[in-house]
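Summary of structural features
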Amino acid sequence: MSIPENEFRLTITPDDPGATERAKRLRDLGIGNLPDPEFDALAQELTQLTGAPYAMVNFIDEDHQYFAGLAAPGPDAASQAIAGASEAPEVGREMDRDHGYCPHVVVRGKALVLGDVCDYPRFAGNPVVDKIGIRSYLGAPLIDDDGNTLGTVCVVDTETHDWGRPGLEIIKGMAAKVMDRIRERNAGLQQDDPLQG
């Protein structure tokens, strides 16, 4: 039995025509490729609000994802490599663009709620399911005032999770909070730039 082409494409990372412009915008803002204590704190807050063990503030360029904000269980979790974890999921700061669900959120420009990723053929085939054991996901896009999606805020769990409307409201609220921080930083950068005055 052959798989229709459109069905096969559902299981791979979506095309992202805005990746180059987004990477440039992130560089201009000075975010996305270094750990950020403020974003780490917001990710930690997100784990407390949702009960999920992992949370990220994630920025995506042409090739990879970078968790500028990260909350994970265990004292060494933030320094471990995410790819190839054979036992318990270990989360590092970087991940290939074809792993996980955040690239779908960025391209869609809308929140994504997956109580059990195995219930959705387009998401069940993602490498994080077998390699890391991810079973549920909740993510929202980080959209600036010009309509550019810069990245995501997300939580993941190794167990199924009934996020419901409360989970959706929490993740959208945190995305708004992160964007407020980014706007504040951008305003500060513009004030410090003599060419902007």
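Just above, that's the structure.
Anyway, here's the lowdown on the structure attached to this text.

How each quantity is defined
- Residues numbered from 1 in each chain as written.
- Predicted model: local features only at pLDDT ≥ 70, side-chain atom pairs only at ≥ 80, totals over all residues.
- Heavy atoms only, no water.
- Core = buried A, V, L, I, M, F, W, Y, C linked by side-chain atoms within 4.5 Å.
- Buried < 20%, exposed > 50% of the residue type's maximum accessible area, 1.4 Å probe, protein only.
- Helix = DSSP H or I, 4+ residues; strand = E, 2+ residues; numbered from the N terminus.
- Contact = heavy atoms within 4.5 Å.
- Phe/Tyr/Trp six-rings, centres within 6.5 Å; stacked < 30°, edge-to-face > 60°.
- Disulfide = S-S within 2.5 Å.

Here we look at the nonpolar core
Judged by nonpolar contacts, the single largest core of 29 residues is most densely connected at F39, F59, L142, V153, V178 and I182. Taken together, the elements giving at least two residues each to this core come down to α2 (19–29), α3 (37–50), β1 (54–60), β2 (64–71), β5 (136–143), β6 (149–157) and α7 (164–192). When residues of this core are assigned to their parent elements, the largest contribution, seven residues, is made by α7. In this structure F59 touches L26, I31, G32, F39, H64, Q65, Y66, A68, L142, L150, G151 and I182, once residues within four positions along its chain are discounted.

Some points on the packing of aromatic side chains
Throughout the structure, instances matching the rule amount to four aromatic pairs. Summarising the aromatic geometry, the rings of F39 and F59 are spaced 5.9 Å apart at their centres and angled 45° between planes, so their arrangement reads as tilted. In this pair, F39 is assigned in helix α3 and F59 in strand β1, connecting sequence segments 20 residues apart. The class for F39 is buried, based on a relative accessible area of 0%. Between the aromatic rings of Y120 and F123, the centroid separation amounts to 6.4 Å while the plane-to-plane angle is 65°, which identifies the pairing as edge-to-face.

Quick look at the environment of G69
Within the secondary structure, G69 sits in strand β2. Classification of G69 as buried rests on a relative accessible area of 0%. Leaving out residues up to four positions away in the same chain, G69 has contacts with F39, D40, A43, A55, M56, V57 and R93.

Re the state of the cysteines
A complete count under the given rule lists zero disulfides for this structure. Cysteine C102 is unpaired, with the sulfur of C154 as its nearest cysteine sulfur at 3.6 Å. Using a relative accessible area of 2% as the deciding quantity, one classes C154 as buried.

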